[in-house]
Amino acid sequence: MFRPSVEKLIEVMKAKGHKVYDTPGMDWNLNIVGIRASDPEPGTFNDTLTVFQRFQGSWEISYYPITTDPSVYYLRHPVNSSGAAILKEGQYKGAYKLDIHNRGLDSGHLALCQRLKPVTVYRDSNRDEKLNLIERKTQTGMFNINIHRTSEDYIQRQRFSAGCQVFADQRQFADFIRICQAGEKAFGNKFTYTLLHERDF
């Protein structure tokens, strides 16, 4: 798992023109940042999610292995006729809130859900097991590109992500949600998600 320092994360985010939440105020919040691996492997959890915030003058950061890619089943069988969704790198300000992922299903659970603003995805339509990030094949909208957990059963069947940002380890996910719940109490139920690429570093 790629583990850049807080200082390097901030340097890269600022170079890209992304907001870093640092100064207390009306829009103060957590910095939730995904980093797509330079060697994408759909079906694995080789990407990174970081959460960092300044607490009493010092930065606190957590790192988690996740996947930012659709799993193999959904690359072959996309839920959208335009192709499998692959979140495009960028910053999605105020797009997420704590809500129930898969509401009404047995797998429903509290997660960080894309409920508030649009995001942009690539549409991979050739139904193979490789990611195709083609600029002319993007869509922007409300696609429920959530940040959630999965289970061993879904991992075995390669059905754990149709384009979401997904944790394999439920204990690590619980820790992430605990941080978000504390953030909700402090800043309100609105979160920004930033997706970078390992090559940015």
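Check the entry above for the structure.
Residues numbered from 1 in each chain as written. Predicted model: local features only at pLDDT ≥ 70, side-chain atom pairs only at ≥ 80, totals over all residues. Heavy atoms only, no water.

Draft legend 1. A look at the side chain of H197. Note on placement: H197 falls in strand 11 (residues 191-197). Judged by relative accessible area, H197 falls into the buried class, the value being 7%. For H197, the contacting residues outside a window of four places in its chain are I35, R36, A37, S38 and E89. (Helix = DSSP H or I, 4+ residues; strand = E, 2+ residues; numbered from the N terminus. Buried < 20%, exposed > 50% of the residue type's maximum accessible area, 1.4 Å probe, protein only. Contact = heavy atoms within 4.5 Å.)

Draft legend 2. Geometry of the packing of aromatic side chains. Within the structure shown, the criterion is met by 11 aromatic pairs. Each ring, one from F167 and one from F173, has its centre 5.3 Å from the other, and the planes form 70°; the classification is edge-to-face. You'll find F167 and F173 in the same group, each marked buried. Aromatic rings pair up to connect Y64, F167, F173 and F176 into one cluster. Lying over the aromatic face of F143, R123 brings its terminal NZ or CZ to 4.9 Å of the ring centre. Directly above the ring of Y73 sits R159, whose terminal nitrogen or CZ lies 4.0 Å from the centroid. (Phe/Tyr/Trp six-rings, centres within 6.5 Å; stacked < 30°, edge-to-face > 60°. Lys NZ or Arg CZ within 6 Å of the ring centre and 35° of its normal.)

Draft legend 3. Fine view of the pattern of salt bridges. Applying the stated criterion across every chain yields a total of 13 salt bridges. Across the salt bridge formed by R76 and E129, the nearest N and O atoms sit 1.8 Å from each other. Residue R76 is located in helix 2 (residues 72-76), and its partner E129 is located in the loop between strand 7 (119-124) and strand 8 (138-141); the two are separated by 53 residues in the primary sequence. Exposure remark for R76: the relative accessible area of 38% places this residue in the partly exposed category. Of the charged contacts, one joins K88 and E135 as a salt bridge, the two residues approaching to 2.4 Å between their closest N and O atoms. Remark: E135 occurs in the loop between strand 7 and strand 8 and K88 occurs in the loop between strand 4 (84-87) and strand 5 (90-101); sequence separation between them is 47 residues. What emerges from the salt-bridge pattern is a single network uniting R36, D69, E89 and R199. (Salt bridge = Lys/Arg side-chain N within 4 Å of Asp/Glu carboxyl O.)

Draft legend 4. Spotlight on the nonpolar core. Core analysis: the biggest nonpolar cluster contains 28 residues, and I32, L49, Y96, L112, F176 and Y193 have the highest contact counts within it. Here this core takes five residues from helix 4 (residues 170-187), the largest share from any one element. In this view, L112 contacts I32, Y96, K97, L98, N146, I147, F176, I177, C180 and F191; residues no more than four positions away in its chain are not counted. By size, the runner-up hydrophobic cluster in this structure holds 10 residues, among which are L9, V12, M13 and V33. (Core = buried A, V, L, I, M, F, W, Y, C linked by side-chain atoms within 4.5 Å.)

Draft legend 5. Structural detail: the pairing of strand 7. Most of strand 7 is tucked away, with six of its six residues classed as buried. Alignment of strand 4 against strand 7, held across four bridges, turns out to be antiparallel. By the bridge assignment for strand 7, L87 is matched with V121. Two strands pair when backbone bridges link them, and strand 7 and strand 8 are joined in this way by four bridges, in the antiparallel orientation. The residue bridging Y122 from the neighbouring strand is T138, located in strand 8. (Pairing = 2+ DSSP bridges.)

Draft legend 6. Here's a closer look at helix 1 (residues 6-15). For helix 1, the full list of buried residues reads V6, L9, I10, V12 and M13. Buried residues of helix 1, seen end-on, are gathered within an arc of 165° and therefore sit on one face of the element. Projecting away from the buried face of helix 1 at angles above 90 degrees are the exposed residues E7, K14 and A15. Contacts made by the buried residues of helix 1 are with strand 1 (31-36), strand 2 (47-55), strand 3 (58-67), strand 5 and strand 11. (Arc of directions from axis to C-beta.)

Draft legend 7. Representation of helix 4 within the structure. Taking 1.5 Å of rise per residue, 18 residues should cover 26 Å, and helix 4 covers 25 Å from first to last C-alpha, within 8% of that figure. Buried within helix 4 we find F173, F176, I177, I179, C180 and G183. In a view along the axis of helix 4, the buried residues occupy a sector of 160°, so they form one face of it. Looking at helix 4, the residues exposed on the side facing more than 90 degrees away from the buried face are R171, K185 and A186. Where helix 4 begins, the side chain of D169 points an oxygen toward the backbone nitrogen of R171, at a separation of 2.9 Å. (Expected span 1.5 Å × (residues − 1). Polar contact = N/O pair within 3.5 Å; in protein donor to acceptor, adjacent residues only side chain to side chain.)

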